[in-house]
Amino acid sequence: LEKLGLSDRHAVAEEVLRLLGPLVPLAQCTIFSFEGTGRPRTVAVGDRSRTRELPDISQAYVQRFYRLDGAQRAMQVHEAAARKASPQRPHIVLHRQAASAVQHTDYRQICYELPQVVERLAILSLHEGRRWISVNLYRGREHGLLSDAELTVVEALAPLIVQAVRLHHAGQQLSEDLMGLMLDRLALRAPELTARDQDVVRGLLEGLSITELAGRLGLTPASAQTYTKRLYRKLGLSGHKELVAWLLASRE
């Protein structure tokens with residue numbers, strides 16, 4: 001729960017794996033948000049050292065294969081019941097899909113055979129009456145299909161997982177909206193800033209350390225420190241707190 005809403009949006013998927021791992025062995029976790037009939041959005045991905053290609057696999061899913069997922073049909077079937085449920089006791093649907101049941105060759109190859117998973121269990125819930133959240137748990141070949149006992153464990157923990165992901169998703173949306181507002185104000189209030197200056201501001205607003213900022217920008221820590229000090233001088237600010245206050249303050 002400590003990881004909810006943090007700047008690392010993938011933390012919640014990693015925590016789901018860490019929570020369930022000792023009880024139900026899992027290979028991967030992906031979380032998607034579905035709204036209307038459009039493409040889903042990737043909320044978070046977590047991987048237990050299967051393949052570094054999971055972000056690319058998730059991207060292929062949202063671009064090419066999401067309509068082939070049986071979970072889509074389950075959302076439609078349970079739409080009415082989900083709308084009647086309260087936020088405190090959401091209507092939760094578990095949908096299983098084995099790799100062997102996927103008929104589409106590319107879908108099966110990219111999303112199941114490449115990461116060597118044999119089954120996907122989706123925990124589905126409707127958020128704010130308009131957005132389905134799908135928490136997908138993947139079993140590796142070495143784990144085999146879920147047993148009845150393991151499925152019972154997931155069912156018991158599903159309400160906790162659903163509420164945690166909802167809170168994380170809401171926190172991420174708020175963070176993204178606030179970041180967008182501050183960057184828009186930066187462009188209006190300091191049009192003289194270079195693209196590199198703007199990259200530095202974004203990193204500072206995300207809470208990156210000088211070392212992390214240097215890694216993102218491809219600089220040495222010393223150079224990142226120099227860029228940061230030069231930026232504050234350009235803006236006439238003394239440091240991070242003044243930067244945030246300046247961008248949050250409205251102008252008459």
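## Observations regarding a nonpolar patch on the surface
(1) Moving on: On the surface, a cluster of nonpolar side chains totalling about 230 Å² of accessible area is made up of L178, L181 and L248.
(2) Moving on: Looking at the element boundaries, L181 is found in helix α6 (residues 148-189).

## A look at the confidence of the model for the chain
(1) Moving on: The predicted model of the chain has a mean per-residue pLDDT of 88, with 92% of residues at 70 or higher.
(2) Moving on: Confidence, read as mean pLDDT per element, is least for α6 in the chain (83) and greatest for strand β3 (residues 92-98) (97).

## As for the sheet that holds strand β4 (residues 117-127)
(1) Moving on: Pairing in this open sheet of five strands is antiparallel, and the strands run β2-β1-β5-β4-β3 from one edge to the other. At either margin of the open sheet sits one strand with a lone partner, and together these are β2 (41-47) and β3. Strand after strand, the sheet turns through a mean of 15 degrees between neighbouring axes, direction not considered.
(2) Moving on: In terms of strand pairing, β3 meets β4 through seven bridges, oriented antiparallel. Considered in β4, the bridge of I92 is made with S125.
(3) Moving on: Here helix α3 (residues 70-77) sits on the sheet in contact with β1 (28-35), β3, β4 and β5 (131-140), set at roughly 30 degrees to β4.
(4) Moving on: Each of β3 and β4 is contacted by helix α5 (residues 105-113), which is oriented at about 90 degrees to β4, the strand it contacts most.

The rules behind these values
Residues numbered from 1 in each chain as written. Predicted model: local features only at pLDDT ≥ 70, side-chain atom pairs only at ≥ 80, totals over all residues. Heavy atoms only, no water. Patch = residues over 30% accessible without salt bridge, like charges linked within 9 Å, V, L, I, M, F, W, Y side chains within 5 Å. Areas by Shrake-Rupley, 256 points an atom, 1.4 Å probe, with all protein chains shown as cover. Salt bridge = Lys/Arg side-chain N within 4 Å of Asp/Glu carboxyl O. Helix = DSSP H or I, 4+ residues; strand = E, 2+ residues; numbered from the N terminus. pLDDT = per-residue confidence, 0-100. Pairing = 2+ DSSP bridges. Axes fitted to C-alpha atoms, helices over the stretch in contact; angles between N-to-C directions. Contact = heavy atoms within 4.5 Å.

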